[in-house]
Amino acid sequence: MKAKTFGFVLLVLLGIVGFGYFFLMVDKLTQQDDTESGLESQTVNQDEAVDKTEDLQAAIDETPAGGTLEIPPGVYKLSKNPELKAVTEYGDSYFALKVSKPITILMEEVIFQTDTDDEYGVFWVNETEDVHLKGGVLMGERLPEDGSLTSHIAILFLYTDNSSIEGTYMKNYSQGVHLNHSDYNVILKVTSEFNYGSGIISFDSKHNIIDSCVVRNSGDGHLSLYGGGEDNHVVNCLVTEDRPGYTDQQGITVESETGSLIENNTVSGFYYGIDVKNASESNIIKSNIVFDNEYNIAVRGGDGGKNLQLPSYDTQILNNMAIDPRDKSSYGIYVGAGEGHVVIGNTLNNGNLIMPEHELEIYESQNYFVPEEDE
């Protein structure tokens, strides 16, 4: 498959953070639909979509290892392949397409559409390395309301290393990008929104870079490091929730994670903005802009129920702007579990640094406080 290469990215300036947001063709093919349950869904006009699942899989299979597959511009409907079932510790998932060798797939001006009722995703990249997905729009028919967190994964990297996803837009899945036991990967300039669960999740994976991504209006931890990962970097991302009534979401979660870096992100609209919990150790939360959350930055035990509630240790919270939480009873930075945490150089509203008393006295002089305006 061959195609001409020409860009069609619409750049959107997003306040302080500016980078490519989503493609012009998406606007033409989507419309908002408020359901009775209050879920904001995005529907797709599939009148002109042609099912090319078998042809695309054949093209992937025929591309030699190390080669490049360039998909022609167009709108393609993808069907569930019942033989493509990925079994992970996180849950089982079905897909339309499978990649199991090193190749590059170019998808500029390509839109893939999936049927939400059939519970499947687009790409399963399995037990390989040097796979590179570039461009493209992955569009579920509507926001999933049923199924598990793994029933509609747009892109799954399973035991896949040294690979990348760049400039891809995805909407209406249970999870957007899922890295599972996958190391040394790069997720760059990806937009993932209106998902049932996480927009981007790294599960028990190491040394991944998630850079300049947008994650919006999803569920679970919008952008989540979870399950025993190490040395992952989340940098320069915009993570936000702006749907009315969605007040209990989590922005960036760092859960059971070690030695990872959360730096220079903008996070707003959540209950927990940046949330460190459940036996996380030696993570760095640095130079982020975090506002309009119930807890802008929190270090805590966990959520209870089936989840762990273990303290975290040695978190460094450095030089963040954690101002204007949701209301006066909210928190700028809250440290409520574990020990060895360092909180230095942050900007907060007066009274919004909440720590154990003996630590609060030490750190109040090492942070900057914005006085409240007279009412």
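Right above here is the structure, for reference.
Just so we're clear, the structure is a prediction, and the values are computed from it rather than from any experiment.

What counts and what doesn't
Residues numbered from 1 in each chain as written. Predicted model: local features only at pLDDT ≥ 70, side-chain atom pairs only at ≥ 80, totals over all residues. Heavy atoms only, no water. Pairing = 2+ DSSP bridges. Helix = DSSP H or I, 4+ residues; strand = E, 2+ residues; numbered from the N terminus. Salt bridge = Lys/Arg side-chain N within 4 Å of Asp/Glu carboxyl O. Buried < 20%, exposed > 50% of the residue type's maximum accessible area, 1.4 Å probe, protein only. Arc of directions from axis to C-beta. Contact = heavy atoms within 4.5 Å. Phe/Tyr/Trp six-rings, centres within 6.5 Å; stacked < 30°, edge-to-face > 60°. Lys NZ or Arg CZ within 6 Å of the ring centre and 35° of its normal.

Student: I'm lost on the sheet that holds strand β8 (residues 81-88) in this one. Help?
Tutor: Neighbouring strands of a sheet are bound in pairs by backbone hydrogen bonds; such pairs are parallel or else antiparallel. With mixed pairing, the 12 strands of this open sheet are ordered in space as β8-β9-β12-β15-β18-β21-β24-β27-β30-β33-β35-β38. Of all strands in the sheet, those with a lone pairing partner are β8 and β38 (353-354), marking the two edges.

Student: Which parts of the structure should I look at to understand the pattern of salt bridges?
Tutor: Working definition: two side chains of opposite charge can pair if their charged atoms are close together. One pass over the full model with this rule turns up 10 salt bridges. Put simply, Lys 52 and Asp 55 hold a salt bridge, and the shortest N to O gap is 3.6 Å. Judged by relative accessible area, Lys 52 falls into the partly exposed class, the value being 29%. Asp 242 is paired through a salt bridge with Arg 216; the nearest N and O atoms lie 3.2 Å apart. Within this pair, whereas Asp 242 is found in the loop between β26 (238-240) and β27 (250-255), its partner Arg 216 is found in strand β23 (residues 214-216), the two being separated by 26 residues in sequence. Using a relative accessible area of 48% as the deciding quantity, one classes Asp 242 as partly exposed. Overall, Arg 216 belongs to the buried group, its relative accessible area being 17%.

Student: Before we go on, may I ask you to explain the pairing of strand β18 (residues 175-180) in this structure?
Tutor: Two faces make up the sheet, and in a regular strand the side chains alternate between them. Among the six residues that make up β18, six are buried, leaving the element largely enclosed by the rest of the structure. Strand direction decides the pairing type here: strand β15 (residues 153-158) and β18, joined by five bridges, are parallel. The residue of β18 that forms the bridge with Ile 153 is Gln 175.

Student: What is the right way to look at the sheet that holds β26 in this model?
Tutor: With parallel pairing, the 10 strands of this open sheet are ordered in space as β5-β7-β11-β14-β17-β20-β23-β26-β29-β32. In the strand order of this sheet, the two ends are held by β5 (50-51) and β32 (289-291), each with one partner. Pairing of β5 with strand β7 (residues 74-78), which is carried by two bridges, proceeds in the parallel orientation. Opposite Asp 51, over in β7, you have Lys 77 as the bridge partner.

Student: For this particular structure, what's the right way to read helix α2 (residues 53-62)?
Tutor: Every α-helical turn comprises 3.6 residues, leaving residues that sit three or four positions apart pointing alike. Residues Thr 53, Leu 56, Gln 57, Ala 59 and Ile 60 constitute the buried set of α2. The buried residues of α2 all sit within an arc of 160° when viewed along its axis, so they share a single face. Across α2 from its buried face, at more than 90 degrees, point the exposed residues Glu 54 and Glu 62.

Student: How should I be thinking about the environment of Val 343 in this particular structure?
Tutor: Here Val 343 shows up in strand β36 (residues 342-344). Note on Val 343: relative accessible area 0%, which makes it buried. Sequence separation of Val 343 and Gln 366 is 23 residues, and the distance between their C-alpha atoms is 7.8 Å. With residues up to four places along the chain from it excluded, the contact list for Val 343 reads Ile 317, Ile 333, Val 335, Leu 353, Met 355, Tyr 363 and Asn 367.

Student: Would you mind going over the packing of aromatic side chains with me for this structure?
Tutor: The description of an aromatic ring pair uses the distance of the two centres, along with the angle that the planes make with each other. In the structure shown here, the tally under the stated rule is 12 aromatic pairs. Centre to centre, the rings of Tyr 271 and Tyr 272 are 5.0 Å apart; their planes meet at 75°, and the pair counts as edge-to-face. Among the residues examined, Tyr 272 registers a relative accessible area of 14% and is labelled buried. Stacked on the ring of Trp 124, the Lys or Arg Lys 98 has its end atom at 4.4 Å from the ring centre. The ring of Tyr 272 is capped by Arg 300, whose NZ or CZ atom sits 3.8 Å from the centre of that ring.

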